[in-house]
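# Summary of structural features
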Amino acid sequence: MNEITGLVPLAAFCGQCNCGCPQLLVDPGAPADRRVLLTDDFGQRVQMSADQFASLVAEAKAGKLDGIVVP
């Protein structure tokens, strides 16, 4: 994965390997509408505002994303 610098890591969504696991980061220097950053293990990025991320978290807490995970 590409080197990511200047970002504050919040969470890694694997952590069991050294393959560039998906991460949640904050970019304090980014414009407000692009401050929250999700990366995947292929080097792709999604940037969103804190409000958009809060909406995603609220929907997850409400169970709206539960159908995505298949046991």
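Provided above is the structure to which this section pertains.
Residues numbered from 1 in each chain as written. Predicted model: local features only at pLDDT ≥ 70, side-chain atom pairs only at ≥ 80, totals over all residues. Heavy atoms only, no water.

### Re the overall build of the chain
The condition that has to hold: Working definition: helices are DSSP H or I runs of at least four residues, strands are E runs of at least two. Numbering for both runs from the N terminus. Remark: exposure states derive from per-residue accessible area (1.4 Å probe, protein chains only) relative to the maximum for the residue type, with buried under 20%, exposed over 50%, and partly exposed in between. Every residue pair with non-hydrogen atoms within 4.5 Å of one another is taken to be in contact. Residue-level accessible areas treat just the shown protein chains as cover; the underlying method is Shrake-Rupley with a 1.4 Å probe.
Check the secondary structure of the chain and you find one helix and four strands. Listed by position from the N terminus, the elements making up the chain come as β-β-β-β-α. Among the 71 residues that make up the chain, the fraction classed as buried is 15%. In the chain, once contacts between residues fewer than 6 apart in sequence are set aside, the share between residues at least 24 apart is 11%. Accessible area for the chain stands at about 5200 Å²; split by element, carbon and sulfur atoms hold 54% of it.

### Re the environment of D40
For clarity, the cut-off: We call two N or O atoms a polar contact when they sit within 3.5 Å, provided that within protein one can donate a hydrogen and the other can accept it, with sequence-adjacent residues counted only if both atoms are side-chain atoms.
Tracing the sequence through the fold places D40 in the loop between β3 (36-39) and β4 (45-48). Residue classification places D40 among the partly exposed positions, given a relative accessible area of 23%. Distance from D40 to Q23, taken between C-alpha atoms, is 6.7 Å for residues 17 residues apart in sequence. Separated by 2.8 Å, the side chain of D40 and the backbone nitrogen of F42 make a polar contact. Within the local environment of D40, its side chain forms a polar contact with the backbone nitrogen of G43, the two atoms lying 3.0 Å apart.

On their own, these measurements won't tell you what the molecule is for.
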